[in-house]
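Chain by chain, the residues run as shown.
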Amino acid sequence: MPGARRLAPITGLVSASPDYWKSHGKPKTPDDLAAHHGMHYSNRTSTTWRYHTANGRSGSVRVPAILQANNGDFLRDAAIAGRGVILQPKFICYEAVKAGLLEPVLTRYKWIDLSVYAIYPNTRNLPRRIRAFIDFLAELWSGCPYWEDC
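What you see is a predicted model, and the numbers here were worked out from it, not measured in a lab. (Residues numbered from 1 in each chain as written. Predicted model: local features only at pLDDT ≥ 70, side-chain atom pairs only at ≥ 80, totals over all residues. Heavy atoms only, no water.)

A. Focus on the environment of Pro 64. On the secondary structure map, Pro 64 appears in the loop between strand S4 (58-62) and strand S5 (65-69). For Pro 64, a relative accessible area of 27% gives the class partly exposed. The spacing of Pro 64 and His 40 is 24 residues in sequence and 9.1 Å in space, taken between C-alpha atoms. Each residue touching Pro 64, except ones within four places of it in the same chain, is listed here: Leu 33, Ala 34, His 36, His 37, Gly 38 and His 40. (Helix = DSSP H or I, 4+ residues; strand = E, 2+ residues; numbered from the N terminus. Buried < 20%, exposed > 50% of the residue type's maximum accessible area, 1.4 Å probe, protein only. Contact = heavy atoms within 4.5 Å.)

What follows is the structure, given as structure tokens:
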């Protein structure tokens, strides 16, 4: 059984360019996303976006795919160009949001609730360089990662 150490939370944003929202209207509920042009990460097999409400209820919405790619930066750039709506981890799109190139919506919902973990062999004698690297990452991302608004 391997060992694991949680390093950082991963949350997501549903966003598109301000021009896209002007042309297509902003969704008021997650279900409204079903009428939008979704751009999806192709390493996921589903076009369904999952979320949690503030009171902990879970839900999902199928967002029709107009574009799929296995590169989050490419999808972010396509959204900036006004091609459609993305659901991406904040660490991929936070700079574009700060610059006003992407505008998040439905922010009261929690999208993509994952974590980054360091996985290592479960041994009493973990090599020092591995332990040092894991400790370095844990320190780097301790508290609030640079891409989050904590």
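B. Just the packing of aromatic side chains, in detail. Counting across every chain of the model gives 4 aromatic pairs. An angle of 50° between the planes, with centres 5.2 Å apart, marks the rings of Tyr 51 and Trp 111 as tilted. Placement of the pair is Tyr 51 in strand S3 (residues 48-52) and Trp 111 in strand S8 (residues 110-120), with a sequence separation of 60 residues. In this pair, the class of Tyr 51 matches that of Trp 111, namely buried. Through pairs of rings, three or more aromatic residues link up here, namely Tyr 51, Tyr 109 and Trp 111. Sitting above the plane of the Tyr 120 ring, Arg 131 keeps its charged end 5.6 Å from the centroid. (Phe/Tyr/Trp six-rings, centres within 6.5 Å; stacked < 30°, edge-to-face > 60°. Lys NZ or Arg CZ within 6 Å of the ring centre and 35° of its normal.)

C. Quick peek at the side chain of Arg 76. Locating Arg 76 in the fold gives a position in helix H2 (residues 72-80). Owing to a relative accessible area of 17%, Arg 76 belongs among the buried residues under this scheme. At a separation of 3.1 Å, a polar atom in the side chain of Arg 76 contacts the side chain of Asp 73. At 3.1 Å, the side chain of Arg 76 and the backbone oxygen of Ile 92 are in polar contact. With residues near it in sequence (within four places) discarded, Arg 76 still touches Ile 86, Ile 92, Cys 93, Ala 96 and Leu 102. (Polar contact = N/O pair within 3.5 Å; in protein donor to acceptor, adjacent residues only side chain to side chain.)

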